[in-house]
Amino acid sequence: QRLATPPSTLSFIMVSQRSLEVGIFISLALVAVCFAGFFERNETLQNAEEGLQATIPFPGAGWIERMAMLGNKITLASGETYTSAYDAILYGSPLEMPCRNFNAWVNSFFFGNGMASSLIQQVGVEWTHYILCYLRNFIGAMIVYYGTGGVFHYYCYVHPMSKDIFKERERPSSETIWHQIKLSQKSMFVYVFLPVIDEFLVESGWTRTYYTIEEIGGWPKHIATMILYFCFVEIGIYWMHRTLHTNKWMYKNIHMCHHQYKKAETLTPWASIAFNPIDGMLQASPYVFSLFLVPCHYLTHFGLLFFTAIWATYIHDSMDWNVDPIMGSK
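Residues numbered from 1 in each chain as written. Predicted model: local features only at pLDDT ≥ 70, side-chain atom pairs only at ≥ 80, totals over all residues. Heavy atoms only, no water.

K.L.:
What am I meant to see in the nonpolar core here?
P.N.:
Trp-63, Leu-76, Tyr-86, Ile-89, Ile-120 and Leu-132 are the most contacted members of the largest nonpolar core, which totals 18 residues. Looking at this core, the elements that each hand over two or more residues are α2 (62-68), α3 (85-89), α5 (113-123) and α6 (125-158). Per-element accounting of this core gives the leading share, 4 residues, to α3. With residues up to four places along the chain from it excluded, the contact list for Tyr-86 reads Trp-63, Ile-64, Met-67, Ala-104, Asn-107, Ser-108, Phe-111, Gly-112, Asn-113, Ala-116 and Leu-132. (Core = buried A, V, L, I, M, F, W, Y, C linked by side-chain atoms within 4.5 Å. Buried < 20%, exposed > 50% of the residue type's maximum accessible area, 1.4 Å probe, protein only. Helix = DSSP H or I, 4+ residues; strand = E, 2+ residues; numbered from the N terminus. Contact = heavy atoms within 4.5 Å.)

Right, here's the structure in full:
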């Protein structure tokens, strides 16, 4: 005969779960706010010919130099020669474009010099850079979606405690989960254009984005502007989401697709981006247009986008552990 769990034990488990969840969210929030500090490391390069020193923010220029050692020179149609395809993407000046340097460095982990060189010969430097950014964002989105969704799926539906969770409620069907995954995957093809647009605007210097703590005047100003930026983003998302509900045309043609999952038995971690991709781009757009209004460290902005992807999974699982004022699993 199965023994009942004592009420005191259940209370302890619930408190422990709540404490764990709060701790995780505080940790993630601190990572997002302080993301810039983890990468506040500069490289100092000496120009022997001119006798000058240049300080290049993370990831520096060492990665470009390491590529140059492989002998992957590329000559553009204009006649200019660079040590590698990624050196060409940076026009040989990583110091002058730190945000582009960071994006190109991330792209280099996904795509080698050979692929980048081939693209440059076919479509040119600028198109190559943003095509690689799109492909990297697409792959990254799949890693985050399937990785986060998979972890949540295990704890919601596979872990032994799931038997107790679904004693008195209906478990989401495999058909529902599969439908959400297929819709999310299709949406990703369009949805990941938004971060590419974001990267283009930032790299072009049209936003108030900065790249080092020194640029903004130190940590106090960095934290203050980060909080202000986050407030602008939250307000913008609220009004965008509200408009998607109050505008009948937008709700019917854009947002209603996502609200087909409105019952506990149809809400799962896989529903986080199961929407019309235009819906997702509109709701995430405050992260972009707020950059025109409030200064924000580029790497902190980058970290917040990652944090939001995990948060989106959390609010769609329709489970317990709801923490206010963070919008939880209502």
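K.L.:
How do you make sense of a nonpolar patch on the surface when you look at a structure like this?
P.N.:
A cluster of nonpolar side chains, contributed by Phe-200, Trp-206, Leu-228, Phe-232, Phe-289, Phe-292 and Leu-293, occupies part of the molecular surface with about 660 Å² of accessible area. Tracing the sequence through the fold places Phe-289 in helix α14 (residues 286-289). Exposure remark for Phe-289: the relative accessible area of 36% places this residue in the partly exposed category. (Patch = residues over 30% accessible without salt bridge, like charges linked within 9 Å, V, L, I, M, F, W, Y side chains within 5 Å. Areas by Shrake-Rupley, 256 points an atom, 1.4 Å probe, with all protein chains shown as cover. Salt bridge = Lys/Arg side-chain N within 4 Å of Asp/Glu carboxyl O.)

K.L.:
How should I be thinking about the packing of aromatic side chains in this particular structure?
P.N.:
Two measures describe an aromatic ring pair: the distance that separates the ring centres and the angle between the ring planes. Counted by the stated rule, this structure contains 19 aromatic pairs. Measuring from ring centre to ring centre gives 5.0 Å for Trp-105 and Phe-109, while their planes differ by 85 degrees; the resulting arrangement is edge-to-face. Of the two residues, Trp-105 and Phe-109 both sit in helix α4 (residues 98-110), 4 residues apart, roughly one turn of that helix. Residue classification places Phe-109 among the exposed residues on the basis of a relative accessible area of 59%. Ring-pair connections join several aromatic residues into one group, and the members of that group are Phe-58, Phe-102, Trp-105, Phe-109, Tyr-298 and Phe-302. (Phe/Tyr/Trp six-rings, centres within 6.5 Å; stacked < 30°, edge-to-face > 60°.)

K.L.:
Looking at this model, I keep getting lost on the pattern of salt bridges. Mind explaining?
P.N.:
Oppositely charged side chains can pair when the atoms bearing their charge come close. Inspection of the entire model under this criterion finds 3 salt bridges. Residue Arg-100 is joined to Glu-126 by a salt bridge in which the shortest nitrogen-to-oxygen separation is 2.9 Å. Placement of Arg-100 in helix α4 and of Glu-126 in helix α6 is noted, with a sequence separation of 26 residues between them. Overall, the relative accessible area of 6% leaves Arg-100 in the buried class. For Glu-199, the salt bridge identified is with Arg-136, shortest N-O distance 3.1 Å. Of this pair, Glu-199 sits in helix α9 (residues 193-203) while Arg-136 sits in helix α6, placing them 63 residues apart in sequence.

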